Amino acid sequence: MSLQNITVIGAGTMGNGIAHVFAQHGFRVILVDVNATQLEKAVQTIDKNLERQVSKGALTAEQKQQALANLSTETDLTKGAGGADLVVEAATENIDLKLKIFSQLDGIAPAGAILASNTSSISITRIAAATKRPGLVIGMHFMNPVPVMKLVEIINGYATQAEVTEKIVALSQQLGKMPCVVNDYPGFIANRILMPMINEAICSLYEGVAGVEAIDTVMKLGMAHPMGPLQLADFIGLDVCLSILNVLHNGFGNPKYAPCPLLVNMVTAGKLGVKSGEGFYTYTAGSKELVVSKRFSGSAL
């Protein structure tokens, strides 16, 4: 079956980015979200990001208009996924929500449709078990920002069929992405390696080994990382980091994955990084200046 009709579930940052890339590359895309206002915001974001590509010479004005013409929105899951060849779920990183969505999709999507999740850490095997088509369920973990980042982590569940993996690898390449196939264990590869590094950076701050700027500067200049681990944590969302670390800790039962108490406290206090306006740094709308949060500018933690 040719994968031409794509449904993306969830109109947040990842969902609108995934819809953008599919629409840009000629696929018919339906972006689904229960919140109509969120869908409007998502289309505005896609329009703005496409326009940025035009201004940089990466797209023509005609290609931008065609991409927008390839995209439609829907608040009803049945209408949105009833004719899909591939569904990519990009809802909140919550296991109960994802299980509910996949159980519903199994009864809505055509029998041969592939169901993919953009989860960054939740077991594909567990998600697939909520359906009667586990062989057609796979992980398709895009990186943020989706239109820019090349990597797609392809995760095989226990029952994922080899031909499904082959189709999703080929599809990712059609999108101009670099697919990397991994197996279904907590955190997969990207977050199994990344999150302990971020957690260790937070522990180093918590223990007073170094300040925010020093930790990030060491990793940027010493290890050639484009962004320090604390700034990256803010960008990802500290709540998301905590959620993934909990998946790792619970999945492996190894104390090395236990979230730093400072991270737990910050999430509890609502300091989630960029999306809340404050994490390890403070963020002002329209400003690109990186300012360390007053919380970490000399006072005790």
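Scroll up to find the structure.
Let me begin by describing the structure that accompanies this report. (Residues numbered from 1 in each chain as written. Predicted model: local features only at pLDDT ≥ 70, side-chain atom pairs only at ≥ 80, totals over all residues. Heavy atoms only, no water.)

### With respect to the environment of Lys100
At step 1: Along the chain, the position of Lys100 falls in helix 5 (residues 95-108).
At step 2: Residue classification places Lys100 among the exposed residues on the basis of a relative accessible area of 53%. (Helix = DSSP H or I, 4+ residues; strand = E, 2+ residues; numbered from the N terminus. Buried < 20%, exposed > 50% of the residue type's maximum accessible area, 1.4 Å probe, protein only.)

### With respect to the nonpolar core
Generally speaking, soluble globular proteins have nonpolar side chains that are buried together.
At step 1: One finds Phe22, Val29, Leu86, Met140, Phe142 and Ile168 to be the most contacted residues of the largest nonpolar core, which totals 38 residues.
At step 2: Among the elements that take part in this core, helix 1 (residues 13-24) stands out by supplying 6 residues, more than any other.
At step 3: Not counting the four nearest positions on each side in its chain, Phe22 is found in contact with Ile6, Phe27, Val29, Leu86, Val88, Met140, Phe142, Leu171 and Leu175. (Core = buried A, V, L, I, M, F, W, Y, C linked by side-chain atoms within 4.5 Å. Contact = heavy atoms within 4.5 Å.)

### Quick look at the sheet that holds strand 6 (residues 137-142)
At step 1: Spatially, 3-2-1-4-5-6-7-8 is the arrangement adopted by the 8 strands of the open sheet, whose pairing is mixed. Where the open sheet ends on each side, the last strands, each with one partner, are strand 3 (71-74) and strand 8 (178-183). Recorded for the sheet is a direction-independent mean angle of 25° between the axes of neighbouring strands.
At step 2: When strand 2 (residues 28-32) meets strand 3, the two strands line up parallel, connected through 4 bridges. Pairing of Ile30 across the sheet is with Ser72, part of strand 3.
At step 3: Across the sheet, helix 5 lies against strand 1 (5-9), strand 4 (86-89), strand 5 (114-117) and strand 6, angled at about 170° from strand 5, the strand it touches most. (Pairing = 2+ DSSP bridges. Axes fitted to C-alpha atoms, helices over the stretch in contact; angles between N-to-C directions.)

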